[in-house]
Amino acid sequence: LDENHNILPFSAWPKGQVPYLFPLSVANTKIDRVLNALKQRGIPASKWPDLPPEVTRAADIYQTALELRNGFLFLPIHQTLNKKHLNYMAHCLIQALKGEI
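Rules behind the numbers
All residue numbers here refer to positions counted from 1 along the written sequence of the relevant chain. In keeping with the predicted nature of the model, local features appear solely for residues at pLDDT of at least 70, side-chain atom pairs appear and are counted solely at 80 or more, and the whole-chain, interface and lining totals rest on all residues. No hydrogens and no water enter the side-chain calculation; it runs on all heavy atoms of the structure. We count a stretch as a helix when DSSP gives it H or I for four or more residues in a row; a strand needs E for two or more, and each element gets its number in order from the N terminus. Contacts were defined at the residue level, with two residues in contact if any of their heavy atoms lie within 4.5 Å. Areas reported as accessible are Shrake-Rupley estimates using a 1.4 Å probe. Residue values count occlusion only from the protein chains shown. Only buried residues count toward a nonpolar core. Its members are Ala, Val, Leu, Ile, Met, Phe, Trp, Tyr and Cys residues joined through side-chain atoms within 4.5 Å. Summary of the burial criterion: residues with accessible area below 20% of their type's maximum are buried, those above 50% are exposed, and those between are partly exposed, where the area comes from a 1.4 Å probe applied to protein chains only. Two aromatic rings, drawn from Phe, Tyr or Trp (for Trp, its six-membered ring), form a pair once their centres lie within 6.5 Å of each other, and the interplanar angle then sorts them: stacked below 30 degrees, edge-to-face above 60, tilted otherwise. The term salt bridge refers to a pairing of a side-chain nitrogen on Lys or Arg with a carboxyl oxygen on Asp or Glu at a separation within 4 Å. To obtain an axis, a line is fitted to C-alpha atoms, over the contacting stretch when the element is a helix, and the angle between two such axes runs from 0 to 180 degrees between their N-to-C directions. Between 65 and 115 degrees an angle is taken as roughly perpendicular, under 35 as roughly parallel, over 145 as roughly antiparallel, and anywhere else as oblique. Each helix crossing is assigned a hand: it is left-handed if the near helix lies turned anticlockwise from the far helix by less than a right angle, otherwise right-handed if that turn is clockwise. Three classes are used: nonpolar for Ala, Val, Leu, Ile, Met, Phe, Trp, Tyr, Cys and Pro, charged for Asp, Glu, Lys and Arg, and polar for all others, with Gly counted as polar.

**Things to note about the overall build of the protein chain**
Next up, step 1: The number of helices and strands found in the protein chain is 4 helices and 4 strands.
Next up, step 2: Along the protein chain, helices (α) and strands (β) appear in the sequence β-β-α-β-α-α-β-α when read from the amino end.
Next up, step 3: For the protein chain, the proportion of contacts with a sequence separation of at least 24, taken over those separated by at least 6, is 64%.
Next up, step 4: Taken as a whole, the protein chain presents about 6900 Å² of accessible surface, with 55% of it coming from carbon and sulfur.

**Some details on the nonpolar core**
Next up, step 1: Residues Val 34, Leu 38, Leu 73, Leu 75 and Leu 93 are the most contacted members of the largest nonpolar core, which totals 16 residues.
Next up, step 2: For this core, the secondary-structure elements that each account for two or more residues are β2 (21-26), α1 (31-40), β4 (72-76) and α4 (83-98).

**Digging into the packing of aromatic side chains**
Next up, step 1: Scanning the entire structure with this criterion turns up 2 aromatic pairs.
Next up, step 2: Pairing Trp 48 with Phe 74 gives two aromatic rings, centres 6.2 Å apart and planes at 40°, and the pair type is tilted. Of this pair, Trp 48 sits in the loop between β3 (46-47) and α2 (53-56) while Phe 74 sits in strand β4; the two residues are 26 residues apart in sequence, bridging distant segments of the chain.
Next up, step 3: Between Phe 72 and Phe 74, the aromatic rings sit 6.4 Å apart at their centres with planes inclined by 25°, giving stacked as the arrangement.
Next up, step 4: Residue classification places Phe 72 among the buried residues on the basis of a relative accessible area of 18%.
Next up, step 5: Feature note: the residues Trp 48, Phe 72 and Phe 74 constitute an aromatic cluster, connected by ring pairs.

**Focus: the pattern of salt bridges**
Next up, step 1: The tally for this structure, following the rule as stated, stands at 2 salt bridges.
Next up, step 2: A salt bridge links Lys 47 to Asp 32; the nearest nitrogen and oxygen atoms lie 2.9 Å apart. One end of the pair, Lys 47, is in strand β3; the other, Asp 32, is in helix α1, with 15 residues separating them in the sequence.
Next up, step 3: Close ionic contact of Asp 50 with Arg 69 constitutes a salt bridge, the shortest N to O distance being 3.0 Å. Linking Asp 50 in the loop between β3 and α2 with Arg 69 in helix α3 (residues 63-71), this pair joins segments that are 19 residues apart in sequence.

**Observations regarding the side chain of Gln 95**
Next up, step 1: In this fold, Gln 95 is placed in helix α4.
Next up, step 2: Gln 95 sits in the buried class, given a relative accessible area of 18%.
Next up, step 3: Once residues within four sequence positions are removed from consideration, Gln 95 is found in contact with Glu 100 and Ile 101.

**As for the packing of α1 against α4**
Next up, step 1: As a packed pair, α1 and α4 sit with axes 9 Å apart at the nearest point and diverge in direction by 140°. As judged from the angle between their axes, α1 and α4 are oblique. In this structure, α1 meets α4 at a crossing whose hand is right-handed. Listed contacts from α4 to Arg 33, Val 34, Ala 37 and Leu 38 of α1 are Cys 92, Leu 93, Ala 96 and Leu 97.
Next up, step 2: Along the lines of polarity and charge, the residues of the contact of α1 with α4 split into 7 nonpolar, no polar and 1 charged.

Here it is, written out as structure tokens:
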């Protein structure tokens, strides 16, 4: 995707690693809109898990944790997904980033 969408994929996985989620760095100003758009299309996208209240109340101390929570979107990737599924997710992601869905 082009840089105007503020998204950055991880370039490579360490040898022998088989992730079940594909992390994408998304501008925190877009993440909730994109996440909701993908879920509306049936894609079980997610954000970093909820953080404990003591973290959210002390943003100055836990800035990195909050940036991870608000800046990463996770897409499912596993052995049961086929090329059609992956293309559908990519198409919906591009539409969501452009604000078309």
